[in-house]
Amino acid sequence: MFNINGKKVLIRGAAWAPDLLFRWRSSEQDWTRDLAYVRDMGMNTIRLEGRLDRDEFFEKTDRLGILVMPG
């Protein structure tokens with residue numbers, strides 16, 4: 001349990017490896033679908049595996065309230 005901005009937050013997450021061949025995602029629609037899975041599984045955090053993603057990815061996770069840990 002962490003205290004973030006005065007609010008208690010239980011970190012629940014998993015690794016994020018969208019493509020093992022390191023291809024960039026083709027559209028924001030792909031991220032929307034995949035990040036919806038993260039939320040549907042009750043997670044609020046993902047840890048990036050292998051590389052940092054583009055700024056658009058971080059903007060999307062920020063809007064959805066998903067914490068991102070570069071790994």
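Residues numbered from 1 in each chain as written. Predicted model: local features only at pLDDT ≥ 70, side-chain atom pairs only at ≥ 80, totals over all residues. Heavy atoms only, no water.

A. Geometry of the pairing of strand β5 (residues 67-70). Where strand β4 (residues 45-48) lies against β5, four bridges are found, and the strand directions are parallel. The partner of I46 across the bridge, within β5, is V68. At this point the chain moves from β4, through helix α2 (residues 55-64), to the parallel β5, and the crossover so formed is right-handed. (Pairing = 2+ DSSP bridges. Helix = DSSP H or I, 4+ residues; strand = E, 2+ residues; numbered from the N terminus. Right-handed = clockwise from strand over helix to strand, strands pointing away.)

B. Here's a closer look at the pattern of salt bridges. Summed over the entire model, instances satisfying the criterion amount to two salt bridges. D34 is the partner of R33 in a salt bridge, and the nearest nitrogen-oxygen pair spans 3.2 Å. Overall, R33 belongs to the partly exposed group, its relative accessible area being 41%. Using a relative accessible area of 14% as the deciding quantity, one classes D34 as buried. As a salt-bridge pair, R47 and E49 come within 2.7 Å of each other at their nearest N and O atoms. By relative accessible area, R47 is classed as partly exposed at 37%. For E49, a relative accessible area of 30% corresponds to the partly exposed category. (Salt bridge = Lys/Arg side-chain N within 4 Å of Asp/Glu carboxyl O. Buried < 20%, exposed > 50% of the residue type's maximum accessible area, 1.4 Å probe, protein only.)

C. Broad picture of the confidence of the model for the chain. Confidence along the chain averages 83 in pLDDT terms, with 85% of residues attaining 70 or more. Confidence, read as mean pLDDT per element, is least for helix α1 (residues 28-40) in the chain (82) and greatest for β4 (92). (pLDDT = per-residue confidence, 0-100.)

D. Up close: a negative patch on the surface. On the surface, D55, E56, E59 and D62 cluster together into a negatively charged patch. Inspection of the secondary structure assignment puts E59 in helix α2. Since its relative accessible area comes to 46%, E59 is described here as partly exposed. (Patch = residues over 30% accessible without salt bridge, like charges linked within 9 Å, V, L, I, M, F, W, Y side chains within 5 Å. Areas by Shrake-Rupley, 256 points an atom, 1.4 Å probe, with all protein chains shown as cover. Lys, Arg positive; Asp, Glu negative; His and termini not counted. Charge placed at Lys NZ, Arg CZ, Asp CG, Glu CD.)

E. Spotlight on the nonpolar core. Formed by W16, W31, L35, V38, M43, I46, L48, F57 and I66, the largest nonpolar core amounts to nine residues. For this core, the secondary structure elements donating two or more residues are α1 and β4. No other element matches the three residues that α1 contributes to this core. Leaving out residues up to four positions away in the same chain, I66 has contacts with L35, V38, R39, N44, T45, I46 and T61. (Core = buried A, V, L, I, M, F, W, Y, C linked by side-chain atoms within 4.5 Å. Contact = heavy atoms within 4.5 Å.)

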